[in-house]
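In case you want the letters, here they are:
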Amino acid sequence: MCITLIASQEFFAPMRYSAFSVITQALRGHTGWKPAWRKAEPAPHYDVVIIGGGGGGLATAYYLARHHNVGRIAVLEKGWLGNGSIGRNTTIIRSNYGLPGNIPFYELSMKLWEGLEQDINYNAMVSQRGIFNIYHNDAQRDSYARRGNAMRLHGMEAELLDRAQLRKEFAYLDYENARFPIQGALVQRRAGTARHDAVAWGYARAADKLGVDIIENCEVTGIDIENGIVKGVQTTRGAITAGKVGIAVAGASSLVGAMAGLRLPIESHALQAFVSEGLKPLLDNVITFGAGHFYISQSDKGGLVFGGDIDGYNSYAARGNLPTVEDVCEGGIALMPMIGRARLLRSWGGIMDMTMDGSPIIDKTPVGNLFFNGGWCYGGFKATPASGFCFAHLLAREEPHPVAAAYRLDRFAEGKLIDEKGAGAQPNLH
Amino acid sequence: MRIACPHCGPRGLDEFLYTQDASVTRPKDGGAAPTPEWTDYVYLRENARGPRREYWYHSAGCHAWLVLTRDVSTHEILSVELP
Ligand SMILES: Cc1cc2nc3c(=O)[nH]c(=O)nc-3n(C[C@H](O)[C@H](O)[C@H](O)COP(=O)(O)OP(=O)(O)OC[C@H]3O[C@@H](n4cnc5c(N)ncnc54)[C@H](O)[C@@H]3O)c2cc1C
Ligand SMILES: [Zn+2]
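Okay, so let's go over this structure.

Cut-off values and rules
- Residues numbered from 1 in each chain as written.
- Chains lettered and ligands numbered in written order.
- Predicted model: local features only at pLDDT ≥ 70, side-chain atom pairs only at ≥ 80, totals over all residues.
- Heavy atoms only, no water.
- Donors = N, O, S within 2.8 Å, 3.2 Å for Na, K, Ca; no water.
- Helix = DSSP H or I, 4+ residues; strand = E, 2+ residues; numbered from the N terminus.
- Buried < 20%, exposed > 50% of the residue type's maximum accessible area, 1.4 Å probe, protein only.
- Phe/Tyr/Trp six-rings, centres within 6.5 Å; stacked < 30°, edge-to-face > 60°.
- Contact = heavy atoms within 4.5 Å.
- Buried area = accessible area lost by both parts, 1.4 Å probe.
- Salt bridge = Lys/Arg side-chain N within 4 Å of Asp/Glu carboxyl O.
- Nonpolar A, V, L, I, M, F, W, Y, C, P; charged D, E, K, R; others polar.
- Near = heavy atom within 4 Å.
- Polar contact = N/O pair within 3.5 Å; in protein donor to acceptor, adjacent residues only side chain to side chain.
- Areas by Shrake-Rupley, 256 points an atom, 1.4 Å probe, with all protein chains shown as cover.
- Core = buried A, V, L, I, M, F, W, Y, C linked by side-chain atoms within 4.5 Å.
- Axes fitted to C-alpha atoms, helices over the stretch in contact; angles between N-to-C directions.
- Parallel < 35°, antiparallel > 145°, perpendicular 65-115°, else oblique.
- Left-handed = near helix turned anticlockwise from the far one by under 90°.

Now for the coordination of the zinc ion (ligand 2). Ideal geometry at a metal gives 109.5 degrees between four tetrahedral donors and either 90 or 180 degrees between six octahedral ones. Residue and element names in this part refer to chain B. Every protein donor of the zinc ion (ligand 2) is listed here as Cys-5 (SG), Cys-8 (SG), His-58 (ND1) and Cys-62 (SG), and their distances to the metal cover 2.1 to 2.3 Å. Positions of the donor residues of the zinc ion (ligand 2), expressed as sequence spacing, correspond to C-x2-C-x49-H-x3-C. Residue Cys-5 is located in strand 1 (residues 2-5), and its partner His-58 is located in the loop between strand 4 (51-57) and strand 5 (65-71); the two are separated by 53 residues in the primary sequence. By relative accessible area, His-58 is classed as buried at 0%.

Shown next as structure tokens:
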């Protein structure tokens, strides 16, 4: 009696994942697993509507439901969860930034990553395997030293390794490369990787459990505004009225922004990623090449996961071209010649919302009750937890979270740019 | 993507450098004071889908500046002109 009661309760109530649930499911032949979130139908009205079911939108919905009392919340997603960049990135998480506007934000994100799996009861495979940013000349060493010192001044750890110290960690790098000899590396040991699509699924499941409606295949096609105040959205599944609307569509920021008459400091660009055939354990960490743009780690399935620069010209096609493939592979071979014989298994592209200073925007908009989260460039995966946490704070309290206070929309007009690279108002160079 | 340079004929993408949006125009006044026109010119972009006019430079060829009309949703190049 008691056993059937527990079993039937477990069948209807949201399931908590644990070693116990895995073992009982194994004994039952895995017949009792349920979908991780409901397939919600759109209601006519929500207190908060979030446009975009990527990492940012789902994390926002979760933290809103968890920490703020804002009523009914919906996430409207054009396709399926994980179709955007959240399911396409090279999974690197880190907080080794150099500017005051960025460091506390990315460090909050890192701290949220560290507690994420317990918080949302989902295995996001967060792996703090450390990131090694390799430097190749004196100027680059000095700039990395400056970045490391900025991190330490903000209470974070950072290490600058010289060539001898680095050799002890990795024997296989091409230290004597004629053009790009390796001098050392900046290391953040708490950085690492997380399984990208599990992050979307985990946040979706946790938000759903708190009552958030996650509505897939629901594209927003218009934003209804009356007397300068947002009233709701038009979608491919009908009109929905809303008290507040938050835009979190990353690569589609300008397209959705234009529905509300916003002209944004953003251009959309393609970034590619690559995976090799599965190999025996080879790379324990994340390594980046400083003389070009190349970053690599190894997934738990054994594939080398790597990428480089964006393709460099504006694009809404989620694919890139061959010259970038060549450039990325050249960077890889210059750094670690041993990967030259690994075969490339897959490559794909995603759309990056590149801003004019390379930093994101989390702010109110000139339209009342309409809020904007975007401009993630190619670094929004690591930001996912803090992006959601701070956007939820803004949506609920209508004032910025202290660590995201610099991510204002008017910083361009005001000249208060946050340009880590010092590249200027040229989105394809950030 | 292959670009048909008016001087050199169709060449591979790696010979060219994309530089910027050709649809924005520099304001006439000197820019001594920050104005909404300058903010718009320097920072704000339409970033729509579909055809877009943009400057490319034939850096590994004849060094000509080109104005491409290119569909950013498909990468199809609709025209190549000299500015
Ligand atoms: C190849 C590649 C490698 C990357 N590597 C890294 C990395 O190593 N580390 C890192 O930190 N970042 C990385 N990034 C960047 C990171 O993935 C993105 O910045 C981040 O995922 C963007 O935020 P998001 O997850 O909310 O976006 P997305 O997942 O793109 O979510 C936006 C969602 O909005 C939806 N949408 C769009 N228009 C509408 C509409 N009209 N109505 C409803 N929904 C709509 C889309 O379908 C999409 O699901 C990489 C990206 C790519 C493509
Ligand atoms: Zn030419």
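To continue, consider unusual backbone geometry. All names here are of chain B. Phi at Asn-47 is positive, roughly 50°, even though this residue is not glycine. Mapped onto the fold, Asn-47 is located in the loop between helix 1 (36-43) and strand 4. Under the relative-accessibility criterion, Asn-47 is labelled buried at 7%. Of note in this structure, His-63 is not a glycine but carries a positive phi near 65°. Within the element layout of this structure, His-63 appears in the loop between strand 4 and strand 5.

We now examine the packing of aromatic side chains. What characterises a pair of aromatic rings is the spacing of the ring centres plus the angle enclosed by the ring planes. Residues and elements named next belong to chain A. Tallied over the entire structure, the rule returns 22 aromatic pairs over all chains. Between Tyr-17 and Tyr-122, the ring centres sit 6.0 Å apart and the planes meet at 55°, which makes this aromatic pair tilted. Residue Tyr-17 is found in the loop between helix 1 (2-12) and helix 2 (19-27), and its partner Tyr-122 is found in the loop between helix 4 (103-120) and strand 4 (131-135); the two are separated by 105 residues along the sequence. Residue Tyr-17 is classed as partly exposed on the basis of its relative accessible area, which comes to 25%. Using a relative accessible area of 16% as the deciding quantity, one classes Tyr-122 as buried. For the ring pair Phe-132 and Phe-170, a centre distance of 4.8 Å and an interplane angle of 80° mean the geometry is edge-to-face. Here the residue Phe-132 occupies a position in strand 4, and Phe-170 occupies one in the loop between helix 6 (163-169) and strand 6 (184-188), the gap between them amounting to 38 residues. By the ring-pair criterion, three or more aromatic residues cluster together here, those being Tyr-97, Phe-105, Tyr-106, Trp-376 and Tyr-407.

Facing 26 residues of chain A, the contacting portion of chain B comprises 24 residues. In total, chain A and chain B occlude about 2200 Å² of area from one another, counting both sides; carbon and sulfur atoms represent 50% of this. Residue Asp40(B) pairs with Arg263(A) through a salt bridge whose shortest N-O separation is 3.1 Å. Of all the elements in the fold, those that place two or more residues in the side of chain A that touches chain B are helix 8 (253-259), strand 12 (266-278), strand 15 (303-314), helix 9 (322-335) and helix 11 (411-414) of chain A. For the side of chain A that touches chain B, the residue count by class is 13 nonpolar, 8 polar and 5 charged.

Right, let's talk about the site of ligand 1 for a bit. Residue and element names in this part refer to chain A. Every one of the 38 residues lining ligand 1 counts as a neighbour, but Gly-55, Glu-77, Ser-85, Thr-90 and Lys-382 are closest to it. Separating an oxygen atom of ligand 1 from a side-chain N or O atom of Asn-83 is a distance of 3.2 Å. When ligand 1 is considered free in solution it has 1000 Å² of accessible area, and contact with the protein chains removes 96% of it. Listed by contribution, the elements that provide at least two residues to the shell around ligand 1 are helix 3 (55-67), strand 12, strand 16 (344-355) and helix 10 (380-397).

Our focus in this paragraph is the nonpolar core. Where a protein is soluble and globular, its nonpolar side chains tend to be buried together. All names here are of chain A. If you look at the biggest cluster of nonpolar residues, it comprises 60 residues, and the most contacted ones within it are Phe-105, Tyr-203, Ile-214 and Ile-362. Of all the elements in the fold, those that place two or more residues in this core are strand 1 (45-51), helix 3, strand 2 (73-76), helix 4, helix 5 (138-153), helix 7 (196-209) and helix 10. Sorting elements by how many residues they give to this core places helix 4 first, with 9 residues. Leave out the neighbours within four places in its chain, and Ile-362 touches Phe-105, Phe-372, Asn-373, Trp-376, Ser-387, Cys-390, Phe-391, Leu-394, Ala-404 and Tyr-407.

Attention shifts here to the packing of helix 3 of chain A against helix 4 of chain A. Packed helices, taken two at a time, are described by the angle their axes make and the gap between the axes. Residue and element names in this part refer to chain A. For the pair helix 3 and helix 4, interaxial distance at closest approach is 14 Å and the crossing angle is 70°. Between helix 3 and helix 4, the crossing angle belongs to the class labelled roughly perpendicular. In this structure, helix 3 crosses over helix 4, and the sense of that crossing is left-handed. Between helix 3, through Tyr-62, Tyr-63 and Arg-66, and helix 4, the contact on the second element is made entirely by Leu-112, Leu-116, Asp-119 and Ile-120. Grouping the amino acids of the contact of helix 3 with helix 4 by side-chain chemistry returns 5 nonpolar, no polar and 2 charged.

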